[in-house]
Amino acid sequence: MSQQLKFVVEQLNKDPFKKNFNLIMFDSLEPMQLLQVLNDVLAEIDPKQAIDIREELPEQTAKRMFSLLGMLKYKPLGNQSDASSFRRGLVTGNKPVIHPLLQWLLQRVPELKKRAYLARYLVKLEVPAEFLQDDVISDTYHQYEELVETFKNYHKECEQLKSSGFSTAEIRKDIGVMEEEKDQLIKRVERLRKRVETVPSHQRMLELARQLRVEKEREESLAHQKQEQKNQLFRAEQRLQASQQKLKDLRQASVDADPESLMRRLEEEIKINTYIVMEKLPKELESTRRMLHFLQKVASEPTVGPAELQELEDKIKEVSAQVNQLTEKRMMRSDPKDDKLTLFRQQASIIARKKEAKAEELQRAREELAAAERELAQRSSQMRGDDGEEVIRGDELKRLVAKLRGKGSTHKKRRAELAELKAESGVLQRTEEILSQRNQDILQQLQSMEAQKGISGFSDTQEELERLSAAKSELDDRKGRTLDDMSEMVKKLNSMIAEKKTALAPIIKELRPLRQECQELSQEYEEKKAQYDSCAAGLESNRSKLEQEVKTLREETAQEENRYHELNCMKQARNIPLTPQICEMQMQRAVEETKAYVSSDPQERKKAIREVYMKNIAEQDALGKKLREKQKAVRESHGANMKQVKMWRDLEQLMDCKKQCFQRAQIQASTGQVVEEGAEDWLVL
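Residues numbered from 1 in each chain as written. Predicted model: local features only at pLDDT ≥ 70, side-chain atom pairs only at ≥ 80, totals over all residues. Heavy atoms only, no water.

The protein chain is annotated in an unreviewed UniProt entry as Intraflagellar transport protein 81 homolog from Merluccius polli. UniProt, in its Sequence similarities (unreviewed entry) section for the protein chain, records the words "Belongs to the IFT81 family." (UniProt positions renumbered as here; feature names shortened; annotations may be inferred.)

This is how it looks when you write it as structure tokens:
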């Protein structure tokens, strides 16, 4: 509780409330003040709630808060599950009711704001059915529903745009950068134009450059058209192959197709459809009606207490024992002729059940085929545009936009780096030219001085001698190191080979007889394995057939036993007279059920059978609705999720391939380096 109060006070002291409470002050608030704080929090979520509760009647305040909390889907915690106690505590400003409510609201302010905003437009007005009989009101209500659906679509698009990653600041920044680049390009074009104007026949050169650019653009467009035509040709070839395959299948199907076979096939299909329509579907409809009638009867009956349930269970046990005894007596007194008829009846019932099972399988297969065809048509329409081309969807478009942005930023960075490198290259080229000019001047001065002193070519000869001496010393050092390394390597290899030979000699001697034995055992194993597989396959097929027969017989036995028990119970129920004790007991049970149903105590009303069944029905309806929503969500996201999984698998395979290529390159590089060093060493030797 202290953590709860601390959290509520901290949130109320922040923006936008700024209440400046402490724990003692907040805990000592009066009920009216506490209700005003709650109303301020609700007003932050929904601005329509910004009202001074002192100027409003308590009934209106309670009604307004209850409606908003119901719209926000607030559920009382703990012992506040009783709606009447929660309402009473909220109206009176009870702290155990208000404090958890404030904590729940302050933890979810942004989410609840969004929910309140959407509820303003999505909570539909309830119009009585008799008013909707009027054409004007009905048309207006339909327009209202269409506007609600339009608002839903617009809101989804807005949320998608918000979460798509597009930012106005980034777009403005990109526009500014593009404008700066435009100005730089204009200046560069002006400089180039001024530089070109000094060149003779520059107009002719510009015209040729323009023609070259036009031809390149034309070449690109032709290449694009060529690629499009190739794609169209590929799709046409695919359609042609599909049509040829379909034609081939039809021809193969029509090879043995004569009027008699077609008539037989049509008669079989007519028989199957007639069986489904005339026998199977009426039985299912009748069983559904019986179940509905039974459930309605159970729901309309009064509630049965625990004592009555225990009594009924005891009666059921007694009747079951009697039924078992009668069954044993009947089996002992059974006639062999009746047994033969029973066998034929069982076979007939088995055949009928198999027929029903096959009909159900056929119906399910037809439904699955129709659903698959509908899904295929829907996917095909989604993946094709108006002109038959594939349409880029939202996720792929987002990835393309993000990729283009990354490439654009990389292009800008590389272009800036290229400009800097070009500028630096120009400076270095100019520096190189100056230094080379100075070097030539110094060399000329040196040559003139050598000519004056009578020693022409002395500097060139000295540089050549120094270079040769340095190369000779480096080659000598390399030879010495190579010889030492090779001698050490040869010693190590000889010692390792000798050690491996001595270690492997006894193992090789032991391995030779073991290899012979392994070959013999392998041959024997393969023979035994083939025998085992053939025997196991035969036994498995027999076992599956026996299990299927046992399962069928058990199901038939259970059905017949249930039918027998039901008929026997009905027979005994008709023969049992209604004694005064039974009537009195039933009347007492009816009185208790009536008392529980009309009782003002909620706990007593919950014990009524009607309430129990209504609660179970409501829970099952809610569960079915959630499961349908979950199924819809899974179906909608199935294609995108499978596509994402495929992309991740492709990416994983690509990374594994890159890793293997990199490892192979490293191995080849290391192997090549070792071989190259060994070759150099042998050449030196």
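**A word on the overall build of the protein chain**
When helices and strands are tallied, the protein chain shows 18 helices and zero strands. For the protein chain, buried positions account for 12% of its 685 residues. For the protein chain, the share of sequence-separated contacts (at least 6 apart) that also reach a separation of at least 24 residues comes to 61%. Surface summary for the protein chain: the accessible area is close to 57200 Å², and the carbon and sulfur share equals 57%. (Helix = DSSP H or I, 4+ residues; strand = E, 2+ residues; numbered from the N terminus. Buried < 20%, exposed > 50% of the residue type's maximum accessible area, 1.4 Å probe, protein only. Contact = heavy atoms within 4.5 Å. Areas by Shrake-Rupley, 256 points an atom, 1.4 Å probe, with all protein chains shown as cover.)

**Here's the deal with the packing of helix H3 (residues 31-45) against helix H6 (residues 95-107)**
Across the interface, H3 lies against H6 with an axial gap of 11 Å and an inter-helix angle of 20°. When the axis of H3 is compared with that of H6, the two are roughly parallel. Relative to H6, the crossing made by H3 is left-handed. Side by side, H3 and H6 meet where Leu 34, Leu 35, Val 37, Leu 38, Val 41, Leu 42 and Ile 45 of the first sit next to Lys 95, Ile 98, His 99, Leu 101, Leu 102, Leu 105 and Leu 106 of the second. Looking at the contact of H3 with H6 residue by residue, the class counts come to twelve nonpolar, one polar and one charged. (Axes fitted to C-alpha atoms, helices over the stretch in contact; angles between N-to-C directions. Parallel < 35°, antiparallel > 145°, perpendicular 65-115°, else oblique. Left-handed = near helix turned anticlockwise from the far one by under 90°. Nonpolar A, V, L, I, M, F, W, Y, C, P; charged D, E, K, R; others polar.)

**Details of helix H7 (residues 109-122)**
Helix length check: H7 (14 residues) gives 19 Å between terminal C-alpha atoms against 20 Å at 1.5 Å per residue, within 8%. Inspection of H7 places Val 109, Leu 112, Ala 116, Leu 118 and Ala 119 among the buried residues, and these make up the whole buried set. Its buried side turned inward, H7 meets H3, helix H4 (58-71), H6 and helix H8 (135-163). (Expected span 1.5 Å × (residues − 1).)

**Notes on a nonpolar patch on the surface**
Together, Met 489, Leu 493, Met 496 and Ile 497 make up an exposed nonpolar region whose accessible area comes to about 400 Å². Position of Ile 497 relative to the elements: it lies in helix H15 (residues 458-575). For Ile 497, a relative accessible area of 45% translates into the label partly exposed. (Patch = residues over 30% accessible without salt bridge, like charges linked within 9 Å, V, L, I, M, F, W, Y side chains within 5 Å. Salt bridge = Lys/Arg side-chain N within 4 Å of Asp/Glu carboxyl O.)

**Here's the deal with the packing of aromatic side chains**
A full pass over the atoms with the stated rule returns three aromatic pairs. Consider the rings of Tyr 141 and Tyr 144, whose centres lie 6.0 Å apart with planes at 40°: the pair is tilted. On the criterion of helical spacing, the pair formed by Tyr 141 and Tyr 144 is a turn pair, its members being three residues apart in helix H8. Assessed through its relative accessible area of 18%, Tyr 141 is described here as buried. (Phe/Tyr/Trp six-rings, centres within 6.5 Å; stacked < 30°, edge-to-face > 60°.)

**Here's the deal with the pattern of salt bridges**
Using the criterion set out here, one finds twelve salt bridges in the structure. With its nearest N and O atoms 3.2 Å apart, the salt bridge here joins Arg 115 to Glu 111. Taken together, the positions of Arg 115 and Glu 111, both in helix H7 and four residues apart, correspond to about one turn of that helix. In this structure Glu 111 comes out as partly exposed when scored by relative accessible area, which is 43%. One salt bridge connects Glu 311 with Lys 315, and the closest N-O pair in it is separated by 4.0 Å. With Glu 311 and Lys 315 both in helix H12 (residues 306-332) and four residues apart, the pair spans about one turn of that helix. Taking relative accessible area as the criterion, Glu 311 reaches 26% and is therefore assigned partly exposed. Each member of the salt-bridge network shares a partner with another, and the members are Glu 540, Arg 543 and Glu 547.

**Describing the state of the cysteines**
Scanning the model with the defined rule gives zero disulfides in all. Of all cysteine sulfurs, the one in Cys 657 lies closest to Cys 661, which takes part in no disulfide; the gap is 4.1 Å. (Disulfide = S-S within 2.5 Å.)

**Thoughts on a positive patch on the surface**
On the surface, a cluster of positive charge is made up of Lys 73, Lys 75, Lys 625, Lys 626 and Arg 628. Topologically, Lys 75 is positioned in the loop between H4 and helix H5 (83-92). (Lys, Arg positive; Asp, Glu negative; His and termini not counted. Charge placed at Lys NZ, Arg CZ, Asp CG, Glu CD.)

**Considering the side chain of His 99**
Looking at the secondary structure, you find His 99 in helix H6. For His 99, a relative accessible area of 5% translates into the label buried. If sequence neighbours within four positions are ignored, His 99 has contacts with Gln 4, Leu 5, Val 8, Phe 26, Asp 27 and Leu 34.

**A short note on the side chain of Asn 568**
Examined against the element boundaries, Asn 568 turns out to sit in helix H15. Note on Asn 568: relative accessible area 9%, which makes it buried. For Asn 568, the residues in contact, after removing those within four places along its chain, are Val 323 and Leu 326.

**What about the environment of Phe 26?**
Mapped onto the elements of the fold, Phe 26 is located in helix H2 (residues 23-27). C-alpha of Phe 26 to C-alpha of Leu 5: the two residues are 21 residues apart in sequence and 8.3 Å apart in space.

**Quick word on the confidence of the model for the protein chain**
Looking at the protein chain, the pLDDT average stands at 77 and 86% of residues meet or exceed 70. Counting interchain partners and residues more than four positions distant, the pLDDT-below-50 stretch residues 385-392 has eleven contacts. In this model, residues 673-685 is a region of pLDDT below 50 whose contacts with residues beyond four sequence positions or in other chains number six contacts. (pLDDT = per-residue confidence, 0-100.)

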